[in-house]
Amino acid sequence: MTLVKLAQRHPRLLDWSIRLDRAPAWQWLALLAAALTPTWAWMARRLVDGSDDPLGLLALATLAVLVVQRRHVLRVSPRLGWLLLALAGTVLATATRGALPALLTSLLSVLALACGLLAFVPTHGVQRVPALPVVGLAVLALPLLSSLQFYAGYPLRVLTAEASRWLLAPFFTVLREGSTLLVDGRMVIVDAPCSGVQMAWLGYFSACAVALWAQRDGRSFLARLPVVGVLVLLGNVLRNSLLVAAEGAGQPLAPWAHQALGLLLLALVCGGIARAMAGQRLPAFSTPRFTTYGGHHA
């Protein structure tokens, strides 16, 4: 059926389709967010009951700032591919709620909302928004630190303890059993906070935020991600080794010095990640000055 025949036979359907196509971006995003309300309620409960660190709020705030900054250049007509992914993700998250763990359905929900946002943000010009950093921030918004600590915390603690044993071996007599080190006869436990999970979250958050600012495309962003893992691992091993060395020498650091050392190394790691992600950022004048966002179909 041609468009002319559709207009003749079903004028109301055509008018409704045009109104739907012209719906502003904020209405689409608000509808998606409303459809995923159970996910936001679950995330809020995890935040309130203290079962997870509230770091996800940083990722949500970053995405909110992105929307506010780009509100004047959002596309009039959404990209259908991203919009279909958003709708499919919303339906799948709703259909599997209760059948899958809440974290998995919430992952589907945040990915659906990220796809909805990507359907409207510009992809060309100085205001363009790369897709992968947006998806990464959406995933980081989930309350997943306690789950990561449960599933990956112990292997990371063992890896950190073994690397620290290698570093301290020239200066101390060091033995390791599990995540426990015996340094010159003194037992030092590499506990959960020393697993590096929080440092990893902040490292990947820094990577996504800087890549978003630098407008890093997908291939360039993925190529730099291994640097994030390496810097986080090195920073955590160095922090743990210094703390264990002080314990092994019989001069444990005061709590404030312990915290200060952790913050210093965290700042160095995040700074290195930011430098790696921001390197060779394209200058703004290299992109066309005159662009059209979201040419309308109707």
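Above: the structure in question.
The rules behind these values
Within each chain, residues carry numbers counting from 1 in the order of the written sequence. Per-residue local features of the predicted model are confined to residues with pLDDT of at least 70, and side-chain atom pairs are confined, for both listing and counting, to 80 or more; whole-chain, interface and lining totals are unaffected and use all residues. Water and hydrogen atoms play no part in the side-chain values, which are based on all heavy atoms of the structure. Numbering of helices and strands runs from the N terminus, with a helix taken as a DSSP run of H or I at least four residues long and a strand as a DSSP run of E at least two residues long. Computation of the radius of gyration draws on C-alpha atoms, with the globule rule given as 2.2 Å multiplied by the number of residues to the power 0.38. Residue burial is assigned from relative accessible area. The probe radius is 1.4 Å, only protein chains are included, and a residue is buried under 20% of its type maximum, exposed over 50%, and partly exposed in between. The contact criterion used throughout is that any non-hydrogen atoms of two residues lie within 4.5 Å. The accessible surface values rely on the Shrake-Rupley method and a 1.4 Å probe; as for residues, cover is taken only from the protein chains in view. Under the convention used here, Asp and Glu are negative, Lys and Arg are positive, and both His and the chain ends fall outside the count. Within this document, salt bridges are pairs made up of a side-chain nitrogen of Lys or Arg and a carboxyl oxygen of Asp or Glu, the two lying within 4 Å of each other. Whenever two N or O atoms come within 3.5 Å, that pair is a polar contact, provided that in protein one can donate a hydrogen and the other can accept it, and provided that, for residues adjacent in sequence, both atoms are side-chain atoms. Classification of ring pairs uses Phe, Tyr and Trp, with its six-membered ring standing for Trp, and accepts pairs whose centres are within 6.5 Å; under 30 degrees between planes counts as stacked, over 60 as edge-to-face, and the remaining range as tilted.

S.K.: Explanation requested: the overall build of the protein in the structure shown.
M.R.: When its secondary structure is counted, the protein shows 12 helices and 3 strands. The C-alpha atoms of the protein give 24 Å as radius of gyration, which overshoots the globular expectation for 298 residues (19 Å, by more than 25%). The C-alpha extent of the protein, read off along each of the three principal axes, is 90 × 50 × 30 Å. Burial status across the protein gives 41% buried among its 298 residues. Taking the contacts inside the protein whose residues are at least 6 apart along the sequence as the reference set, 77% of them involve residues at least 24 apart. As presented, the protein carries roughly 16600 Å² of accessible surface, and 69% of it is formed by carbon and sulfur atoms.

S.K.: In this structure, what is going on with the side chain of Arg128? I would like to understand it.
M.R.: Along the chain, Arg128 falls in the loop between helix H7 (102-118) and helix H8 (131-140). Within the buried core, Arg128 has no salt-bridge partner, and the shortest N-O distance to an opposite charge, that of Asp217, equals 5.8 Å. From its side chain, Arg128 meets the backbone oxygen of Gln215 in a polar contact 2.9 Å long.

S.K.: I would appreciate a short explanation of the pattern of salt bridges in the present structure.
M.R.: In a structure, side chains of opposite charge can pair up when their charged atoms sit close to one another. A complete count under the given rule lists 3 salt bridges for this structure. For Arg46, the salt bridge goes to Asp52, with nearest N and O atoms at 3.5 Å. There is no split in this pair, since Arg46 and Asp52 are both buried. Across the pair Glu162 and Arg165 runs a salt bridge whose closest N-O atoms are separated by 2.8 Å. One end of the pair is Glu162 and the other is Arg165, both in helix H9 (residues 145-168) and 3 residues apart, which spans about a single turn. Residue classification places Glu162 among the buried positions, given a relative accessible area of 17%. Salt bridges here are not isolated pairs; linked through shared partners, they connect Glu162, Arg165 and Arg176.

S.K.: Which parts of the structure should I look at to understand the packing of aromatic side chains?
M.R.: Remark: the centre distance and the inter-plane angle together describe each pair of aromatic rings, the angle taken between the planes. Per the counting criterion, the structure on display carries 2 aromatic pairs. Residues Phe150 and Tyr151 carry aromatic rings whose centres are separated by 5.0 Å and whose planes lie at 90 degrees to one another, so their mutual orientation is edge-to-face. Judged on exposure class, the residue Phe150 and its partner Tyr151 are both exposed. Look at Trp201 and Phe205: their rings are 5.4 Å apart centre to centre, the planes differ by 10 degrees, and that puts the pair in the stacked class. A residue pair is termed a helical-turn pair when its members lie 3 or 4 positions apart in one helix, as Trp201 and Phe205 do in helix H10 (residues 197-213) at 4 residues. What makes Trp201 buried here is its relative accessible area of 4%.

By themselves, these figures tell us nothing about what the structure is for.
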